Amino acid sequence: MLTPDSTTEKNTPSPSSPGTAAPRGAVRRGAPGLLAEHLGPTLKFLLVGGVVFLLDAAMYNVLVFWHPTHGWGEGLMHANPLTAKIIAIAIASCLTYLGNRLWTFGDRPRPDTTRSIMMFILINLIATALQLSCLGFSRYVLGLDTVLADNISGTFIGQIVSTSFRYVTYGRFVFPRR
């Protein structure tokens, strides 16, 4: 008499048989492992970036569009938006480094802190130039200087471009797996 177990065993190809696919269990174990390996750090990176993004945007808007005595409108640094963006990015970058070093890539070895920090600075200088070019294009080529224009060009578009660059380069050069 055939039992459900004996039928399954007869119909299931042996993993060692030539020309057969990998067993289902192996595929299932591999995909979640690969997903967990990349999904966790990606979500952590995005969460750190999201918090720092809000801080960057708030600092920039206060510097450029808020005046201590006049309130919202033209702030103390309205005529110097690139300088204001550099200040906001510099402070945000320090927090980004700490968040990514301690949490996002905290499981990776810390080979050489000096090298890691130098690579972080270099990558952030390039990323800052990418972000500033978006803001500068909007301000000085298109002549747009409203809160909406600055936030779309420098904060949203610039942040997307620079964050994409940072994500690709941090894991390879700043926090390598070695």
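Use the structure listed above.
Attention in this report is confined to the structure presented alongside it. (Residues numbered from 1 in each chain as written. Predicted model: local features only at pLDDT ≥ 70, side-chain atom pairs only at ≥ 80, totals over all residues. Heavy atoms only, no water.)

## Focus: the packing of helix H3 (residues 81-104) against helix H5 (residues 147-174)
For any two helices packed against each other, the geometry is given by the interaxial angle and the distance between the axes.
Phase 1 of the analysis: Axis separation between H3 and H5 bottoms out at 13 Å; the angle between their running directions is 35°. H5 is crossed by H3, and the crossing has right-handed handedness. Side by side, H3 and H5 meet where Lys-85, Ile-89, Ser-93, Thr-96, Tyr-97 and Asn-100 of the first sit next to Gly-154, Thr-155, Arg-166, Tyr-170 and Val-174 of the second.
Phase 2 of the analysis: Its residues placed into classes, the contact of H3 with H5 shows four nonpolar, five polar and two charged. (Axes fitted to C-alpha atoms, helices over the stretch in contact; angles between N-to-C directions. Helix = DSSP H or I, 4+ residues; strand = E, 2+ residues; numbered from the N terminus. Left-handed = near helix turned anticlockwise from the far one by under 90°. Contact = heavy atoms within 4.5 Å. Nonpolar A, V, L, I, M, F, W, Y, C, P; charged D, E, K, R; others polar.)

## Looking at the pattern of salt bridges
Phase 1 of the analysis: This structure, assessed with the given rule, holds two salt bridges.
Phase 2 of the analysis: Between Asp-56 and Lys-85 there is a salt bridge whose closest N-O contact spans 2.6 Å. In this pair, Asp-56 is assigned in helix H2 (residues 24-65) and Lys-85 in helix H3, connecting sequence segments 29 residues apart. Both residues of the pair, Asp-56 and Lys-85, count as buried.
Phase 3 of the analysis: Ionic pairing is found between Arg-139 and Asp-150, a salt bridge with its closest N-O pair at 2.7 Å. Here the residue Arg-139 occupies a position in helix H4 (residues 113-141), and Asp-150 occupies one in helix H5, the gap between them amounting to eleven residues.
Phase 4 of the analysis: You can call Arg-139 buried: its relative accessible area is 10%. (Salt bridge = Lys/Arg side-chain N within 4 Å of Asp/Glu carboxyl O. Buried < 20%, exposed > 50% of the residue type's maximum accessible area, 1.4 Å probe, protein only.)

## So, the environment of Leu-98
Phase 1 of the analysis: Position of Leu-98 relative to the elements: it lies in helix H3.
Phase 2 of the analysis: Along the backbone, Leu-98 and Val-48 are 50 residues apart, and their C-alpha atoms lie at a distance of 9.4 Å.

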